[in-house]
Amino acid sequence: MKAYNAIEWTPEMVLSLRNNHHAKTNQQLADELGLKITSVRHKCYELGLYKMRLQYWTDDQIQFLKDNYQKKGDTELAMLFTEKWEKDKGWTKKHIEKKRRYLNLKRTDEEKKTIREDWTRKGLYKESVRKRWITTGVSAIGTIKIWDGRKFIKTETGFIPLRTYNYKKYNGEVLKDKIVCHKDGDQLNCEPENLILLTREENALKTHQENFSLEHLETHLLISRINRKIKQINRNHGKKQITRP
């Protein structure tokens with residue numbers, strides 16, 4: 001007895017699936033055949049037509065992970081898995097990390113420290129960074145990037161703030177007790193004419209007062225210093241009065 005609403009797959013429909021399942025999505029196949037995507041998917045499984053065949057973890061692989069995760073990092077484990085077990089798309093750090101989390105295999109801080117020291121001793125950290133550079137590429141000298149609302153430029157020694165770079169290039173060295181600041185308060189405006197050297201005290205006062213005029217900066221600082229001096233004198237005078245016989 002035929003099931004209610006059962007789909008009658010004709011030889012032409014089956015042939016269409018076989019010829020197109022790699023070139024088209026299941027949704028496209030379903031639209032062409034006038035069927036639901038679930039029906040097409042189930043028929044493809046029945047015919048052994050897979051777009052991607054999943055490879056499940058074996059008991060040996062799981063046991064190997066349990067035996068070694070406390071002594072070796074995920075990247076090194078992926079390398080060992082690649083040597084021991086063939087996989088269509090290879091083993092990656094993500095494969096190991098995902099399975100380890102699924103099995104709730106967590107490392108202690110001491111175990112993590114030991115793994116890092118072992119990697120450093122073997123020189124694997126250096127090799128890992130080299131491979132990452134090959135994959136992601138290295139920023140060229142002069143590349144400008146924005147991080148946390150500030151601009152940085154790539155130099156021979158690494159990324160440094162663009163404001164510091166531009167000030168040194170166009171205005172000279174930065175004094176030891178000074179920092180480079182933006183006149184208009186815009187952290188992204190690193191044009192030489194917008195840069196100024198201030199002490200940390202001056203910069204704090206400028207930052208916390210909206211619409212503050214740089215022309216009046218010295219006056220405000222002088223008043224602040226005088227007030228502090230008066231308070232210090234008063235405190236010292238009070239101590240002398242207390243100790244007076």
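Treat the numbers as computed from the prediction; the structure is a model and nothing was measured.

Considerations on the overall build of the protein
(1) Moving on: What the protein contains, in helices and strands, is eleven helices and five strands.
(2) Moving on: For the protein, the proportion of its 245 residues judged to be buried stands at 26%.
(3) Moving on: Here the protein has roughly 18,700 Å² of accessible surface; of this, 51% comes from carbon and sulfur atoms.

With respect to the sheet that holds strand 1 (residues 144–147)
(1) Moving on: The strand order across the open sheet formed by three strands is 1-2-3, and the pairing between neighbours is antiparallel. This sheet does not close on itself; its edge strands, each paired only once, are strand 1 and strand 3 (158–161). Neighbouring strand axes in the sheet, compared pairwise and without regard to direction, differ in orientation by 40° on average.
(2) Moving on: Bridging between strand 2 (residues 150–155) and strand 3 involves four bridges; their strand directions are antiparallel. If you follow Thr 155 over to strand 3, its bridge partner there is Gly 158.

Some remarks on helix 7 (residues 109–122)
(1) Moving on: Along its 14 residues, helix 7 runs 20 Å from first to last C-alpha, staying within 8% of the 20 Å computed at 1.5 Å per residue.
(2) Moving on: Here helix 7 has its buried residues at Glu 111, Ile 115, Asp 118 and Trp 119. Buried positions in helix 7, seen along its axis, are confined to an arc of 100° and lie on one side of it. Turned more than 90 degrees from where helix 7 packs its buried face, Asp 109, Glu 110, Thr 120 and Arg 121 sit exposed.
(3) Moving on: Gly 123 sits one or two residues past helix 7 and shows a positive phi near 80°.

Considering the pattern of salt bridges
(1) Moving on: This structure, assessed with the given rule, holds seven salt bridges.
(2) Moving on: Close ionic contact of Arg 107 with Asp 74 constitutes a salt bridge, the shortest N to O distance being 2.8 Å. Of the two residues, Arg 107 is situated in the loop between helix 6 (93–102) and helix 7 and Asp 74 in helix 5 (residues 74–84); the sequence distance between them amounts to 33 residues. Accessibility classification places Arg 107 together with Asp 74 in one group, the buried group.
(3) Moving on: Salt-bridge contacts for Glu 97 lead to Lys 94; the nearest nitrogen and oxygen are separated by 3.8 Å. Taken together, the residues Glu 97 and Lys 94, both in helix 6 and three residues apart, mark about one turn of the helix.
(4) Moving on: On the basis of relative accessible area, Lys 94 is assigned to the exposed category, the value being 60%.
(5) Moving on: Connected through shared salt-bridge partners, Asp 74, Arg 100 and Arg 107 make up one network.

Regarding unusual backbone geometry
(1) Moving on: Despite not being glycine, Asn 104 shows a phi value in the positive range, around 60°.
(2) Moving on: Looking at where Asn 104 falls in the secondary structure, it is placed in the loop between helix 6 and helix 7.
(3) Moving on: Positive phi, close to 50°, is recorded for Asp 148, a residue that is not glycine.
(4) Moving on: On the secondary structure map, Asp 148 appears in the loop between strand 1 and strand 2.

Notes on the nonpolar core
Generally speaking, soluble globular proteins have nonpolar side chains that are buried together.
(1) Moving on: Counting ten residues, the largest nonpolar core consists of Phe 64, Leu 65, Tyr 69, Leu 77, Ala 78, Phe 81, Trp 85, Trp 91, Ile 96 and Leu 105.
(2) Moving on: Elements with a contribution of two residues or more to this core: helix 4 (59–68) and helix 5.
(3) Moving on: When residues no more than four places from it in sequence are discounted, the contact partners of Leu 105 are Leu 65, Lys 66, Tyr 69 and Arg 100.
(4) Moving on: Ranked by size, the runner-up nonpolar core spans eight residues in total, among them Met 13, Leu 17, Leu 35 and Leu 49.

Overview of the confidence of the model for the protein
As a note on interpretation, predicted positions should not be read in detail where pLDDT is low.
(1) Moving on: Averaged over the protein, the pLDDT score is 81; the fraction of residues at 70 or greater is 81%.
(2) Moving on: pLDDT under 50 marks residues 241–245. Its contacts with residues more than four places away, or in other chains, come to zero contacts.

Some points on the packing of helix 2 (residues 26–33) against helix 3 (residues 37–46)
Axes are the key here: two packed helices are described by the angle between their axes and the distance separating the axes.
(1) Moving on: Interaxial distance between helix 2 and helix 3 falls to 8 Å at its minimum, and their mutual angle equals 110°. As the angle between them shows, helix 2 and helix 3 are arranged roughly perpendicular. Counted together, Asn 26, Gln 27, Leu 29 and Ala 30 of helix 2 and Ile 37, Val 40, Arg 41 and Cys 44 of helix 3 form the full contact between these two elements.
(2) Moving on: A breakdown of the residues in the contact of helix 2 with helix 3 according to their chemical character gives five nonpolar, two polar and one charged.

A short note on helix 2
(1) Moving on: Those residues of helix 2 that fall on the buried side of the exposure criterion are Asn 26, Leu 29 and Ala 30. Taken around the axis of helix 2, the buried residues stretch over an arc of 100°, which confines them to a single face.
(2) Moving on: Tucked into the core, helix 2 has its buried residues touching helix 1 (11–20) and helix 3.
(3) Moving on: Backbone geometry just after helix 2 places Gly 34 at a positive phi near 70°.

Conventions we followed
Sequence order as written defines residue numbering, which begins from 1 separately in each chain. For this predicted model, a pLDDT threshold of at least 70 governs which residues receive local features, and a threshold of 80 or more governs which side-chain atom pairs are given and counted, while totals over whole chains, interfaces and linings are taken from all residues. Remark: hydrogens and water are excluded; side-chain values derive from all non-hydrogen atoms of the structure. Elements are defined by DSSP. Helices are runs of H or I of four residues or more, strands are runs of E of two residues or more, and each kind is numbered from the N terminus. For each residue, the accessible area found with a 1.4 Å probe, counting protein chains only, is set against the maximum for its type, and the residue is called buried under 20%, exposed over 50%, and partly exposed in between. Only the protein chains shown count as cover for residues, and all accessible areas are computed by the Shrake-Rupley method using a 1.4 Å probe. Strand pairing is defined by DSSP finding a minimum of two bridges between the two strands. Only the contacting stretch of a helix is used when fitting its axis, a line to C-alpha atoms as for every element, and angles between N-to-C directions run 0 to 180 degrees. One fewer than the residue count of a helix, multiplied by 1.5 Å, yields its expected span. Here, the arc refers to the directions that run from the helix axis to the C-beta atoms. Should a side-chain nitrogen of Lys or Arg be within 4 Å of a carboxyl oxygen of Asp or Glu, the pair is scored as a salt bridge. For our purposes a nonpolar core is just a set of buried Ala, Val, Leu, Ile, Met, Phe, Trp, Tyr and Cys residues, chained together by side-chain atoms within 4.5 Å. A contact between two residues is defined here by any heavy atoms of the two lying within 4.5 Å. Within a predicted model, pLDDT stands for the predictor's per-residue confidence, ranging from 0 to 100. An angle below 35 degrees is treated as roughly parallel, one above 145 as roughly antiparallel, one from 65 to 115 as roughly perpendicular, and anything else as oblique. Each residue gets one label: Ala, Val, Leu, Ile, Met, Phe, Trp, Tyr, Cys and Pro are nonpolar, Asp, Glu, Lys and Arg are charged, and the others, such as Gly, are polar.

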